[in-house]
Amino acid sequence: MKLTRIYFVLSIILYALLSSCSNQRADLSFDATVAKPTFTENHQKVLFDEAHNNSSTTDGLYEPFANILRNDGYRVNVNNDVIKPTVLNNYDILIIVNAKGDKHKFDPAFTGNEKTTIYNWVYKGGSLLLIADHYPFGSAVA
């Protein structure tokens with residue numbers, strides 16, 4: 001009985017170690033072509049935030065997603081600066097993926113002004129796709 005428990009605990013530890021060693025990668029061989037693009041004349045403008053220590057970017061894990069958007073007729077641009085009303089007002093959609101704070105795990109990803117800017121922009125009709133995966137991303141964007 002004790003030996004079974006030891007094997008069980010060891011297998012859990014081994015599983016945890018092996019899962020933490022695997023790195024996520026984008027599938028760059030993914031076919032992102034769109035047979036009939038949705039936006040052929042009036043292109044939706046997308047701002048993809050990469051200014052907040054984002055672990056997922058348009059040239060990283062989210063490259064296939066960005067390619068699908070582009071191939072469907074969206075105009076995708078990358079934000080590498082503070083989020084300001086003057087910038088957001090030029091876009092229809094804001095995408096934020098796995099943003100985190102600057103120094104510590106519990107630091108907020110956005111300043112108070114950025115939060116207010118995003119809130120007001122969405123309130124006025126802007127569309128936000130906010131993705132916050134596992135720790136520490138959820139608390140950073142809370």
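Residues numbered from 1 in each chain as written. Predicted model: local features only at pLDDT ≥ 70, side-chain atom pairs only at ≥ 80, totals over all residues. Heavy atoms only, no water.

(A) Molecular detail of the sheet that holds strand E3 (residues 93-97). Strand order in the open sheet made by the four strands is E2-E1-E3-E4, with parallel pairing throughout. Each end of this open sheet is capped by a strand with a single partner; those strands are strand E2 (75-79) and strand E4 (127-131). Across the sheet, the axes of successive neighbouring strands diverge by a mean angle of 20 degrees, strand direction being ignored. Pairing of strand E1 (residues 45-49) with E3 involves four bridges; the strand directions are parallel. Within E3, the residue paired with Val-46 across the bridge is Ile-93. Against the sheet, helix H2 (residues 63-71) contacts E1, E2, E3 and E4, and its axis sits at roughly 140 degrees relative to E2. (Pairing = 2+ DSSP bridges. Helix = DSSP H or I, 4+ residues; strand = E, 2+ residues; numbered from the N terminus. Axes fitted to C-alpha atoms, helices over the stretch in contact; angles between N-to-C directions. Contact = heavy atoms within 4.5 Å.)

(B) Here's a closer look at a nonpolar patch on the surface. A contiguous nonpolar surface patch, about 210 Å² in accessible area, is contributed by Val-122, Leu-128 and Leu-130. A relative accessible area of 36% means that Leu-128 is categorised as partly exposed. (Patch = residues over 30% accessible without salt bridge, like charges linked within 9 Å, V, L, I, M, F, W, Y side chains within 5 Å. Areas by Shrake-Rupley, 256 points an atom, 1.4 Å probe, with all protein chains shown as cover. Salt bridge = Lys/Arg side-chain N within 4 Å of Asp/Glu carboxyl O. Buried < 20%, exposed > 50% of the residue type's maximum accessible area, 1.4 Å probe, protein only.)

(C) Up close: the environment of Val-141. Relative to the elements of secondary structure, Val-141 occurs in helix H5 (residues 137-141). Considered as a pair, Val-141 and Leu-130 are 11 residues apart in the sequence and their alpha carbons are 8.9 Å apart. Setting aside its immediate chain neighbours within four residues, Val-141 contacts Ala-99, Ala-109, Phe-110, Leu-130 and Ala-132.

(D) Region of the structure containing the confidence of the model for the protein. Averaged over the protein, the pLDDT score is 83; the fraction of residues at 70 or greater is 82%. Averaged pLDDT values over the elements of the protein bottom out at 53 in helix H1 (residues 2-21) and peak at 97 in E2. (pLDDT = per-residue confidence, 0-100.)

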